[in-house]
Amino acid sequence: FGRHVKNHLVDTFICDCPIKFSNRRQKAQHVKLVHKENYIGCEKCSFVTTSQQALEEHLKKHDPSMRQICDICGFVSNSSEKYAIQSHKAIHHDPVLHPCSLCDGKFNSKQLKIHMKSHQESVCMECGLKVKNLRSHMNNVHTPDHLKKHKCSYCTKGFNDVGKLQQHIFSVHTKERPYKCRFGCDLGYNDTSNRNAHEKKKH
């Protein structure tokens, strides 16, 4: 909830600097470093903190010599913390599966903890809607278009997912139907989900 409130503070802050921000994170970093006190930031990414110790620990992520490698699959972790590789192994390499009590899925212990969150709903403080992924909901529904990562070249719409942007362009602007039925009929669709639904229903 605290992060949610901070996002509103960033959105409502009127910055008179001659800068055009490409997303909320970029604006948040600028507001904290330039217009707030006691913040220090990473020169290589958008990380911002009030703690010198936290910044030094963060900088290890950008040091190739501090990265850890999984001895099973070769995955390279950007974190210098030992738990990073341990967590990776618990998620991807634990072969013991447990059934989910709420659906038919089976997962190892770490995956099951993550999966169970998909069955939980949160209430959005902005609109009152119950959602399974509050962060995704806030980014997609309540973030202004001009702060979203991907901008439409035809209009002012913005999207956090490049696939959604492409679907929007096909549907609204170019009217393209590039996803053809794979069973040989002449029908085409502007996204794969509609194409897949057609194939299941008709073929």
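Residues numbered from 1 in each chain as written. Predicted model: local features only at pLDDT ≥ 70, side-chain atom pairs only at ≥ 80, totals over all residues. Heavy atoms only, no water.

This paragraph deals with the overall build of the protein chain. When its secondary structure is counted, the protein chain shows eight helices and twelve strands. Against the globule reference of 17 Å for 203 residues, the protein chain gives a C-alpha radius of gyration of 22 Å, more extended than a compact globule. If you line up the protein chain on its principal axes, its C-alpha atoms span 60 × 50 × 35 Å. Put simply, the protein chain has 203 residues, and 25% of those count as buried. In the protein chain, of all internal contacts separated by at least 6 residues, the share reaching a separation of at least 24 is 9%. About 14,500 Å² of surface is accessible on the protein chain, with carbon and sulfur atoms providing 52% of the total. (Helix = DSSP H or I, 4+ residues; strand = E, 2+ residues; numbered from the N terminus. Rg over C-alpha atoms; globule rule 2.2 N^0.38 Å. Buried < 20%, exposed > 50% of the residue type's maximum accessible area, 1.4 Å probe, protein only. Contact = heavy atoms within 4.5 Å. Areas by Shrake-Rupley, 256 points an atom, 1.4 Å probe, with all protein chains shown as cover.)

Per the stated rule, a full pass over the model turns up four salt bridges. When the shortest N-O distance is used, the salt bridge between Lys148 and Asp145 registers 3.6 Å. On the basis of relative accessibility, which here comes to 24%, the residue Asp145 falls in the partly exposed class. Linking Glu199 and Arg195 is a salt bridge whose minimum nitrogen-to-oxygen distance equals 3.8 Å. Separated by four residues within a single helix, Glu199 and Arg195 lie in helix α8 (residues 192-202), roughly one turn from each other. (Salt bridge = Lys/Arg side-chain N within 4 Å of Asp/Glu carboxyl O.)

Our focus in this paragraph is the confidence of the model for the protein chain. Detail in the predicted coordinates should be disregarded across regions flagged by low pLDDT. Here the protein chain shows a mean pLDDT of 85. Residues at 70 or above account for 95%. The least confident element of the protein chain is helix α1 (residues 2-12), whose mean pLDDT is 59; the most confident is strand β5 (residues 98-99), at 95. (pLDDT = per-residue confidence, 0-100.)

Right, let's talk about the packing of aromatic side chains for a bit. As enumerated under the stated definition, the model contains one aromatic pair in all. Between the aromatic rings of Phe170 and Tyr179, the centroid separation amounts to 6.4 Å while the plane-to-plane angle is 70 degrees, which identifies the pairing as edge-to-face. Look at Tyr179 and you get partly exposed, because its relative accessible area is 22%. (Phe/Tyr/Trp six-rings, centres within 6.5 Å; stacked < 30°, edge-to-face > 60°.)

A separate point is the state of the cysteines. Covalently bonding the sulfur atom of one cysteine to the sulfur atom of another cysteine gives a disulfide. According to the stated counting rule, one finds zero disulfides in the structure shown. In this structure Cys73 is not part of a disulfide, and its nearest cysteine sulfur, from Cys70, lies 3.8 Å away. Accessibility expressed as a relative area gives 45% for Cys73, which makes it partly exposed. (Disulfide = S-S within 2.5 Å.)

Following both chains from N to C, one finds helix α4 (residues 82-92) and helix α5 (residues 109-116) inclined at 85 degrees, their axes separated by 6 Å at the closest point. Taken together, the axes of α4 and α5 lie roughly perpendicular to each other. For the pair α4 and α5, the contacting residues are Ser87, Ala90 and Ile91 in the first and Lys110, Gln111 and Ile114 in the second. Grouping the amino acids of the contact of α4 with α5 by side-chain chemistry returns three nonpolar, two polar and one charged. (Axes fitted to C-alpha atoms, helices over the stretch in contact; angles between N-to-C directions. Parallel < 35°, antiparallel > 145°, perpendicular 65-115°, else oblique. Nonpolar A, V, L, I, M, F, W, Y, C, P; charged D, E, K, R; others polar.)

In this section: the environment of Ala28. When you line up the elements, Ala28 lands in helix α2 (residues 24-35). Separated by 62 residues in the primary sequence, Ala28 and Ala90 place their C-alpha atoms 33 Å from one another.

Locating Ile19 in the fold gives a position in the loop between α1 and α2. When the C-alpha atoms of Ile19 and Gln53 are compared, they prove to be 30 Å apart, with 34 residues separating the residues in sequence.

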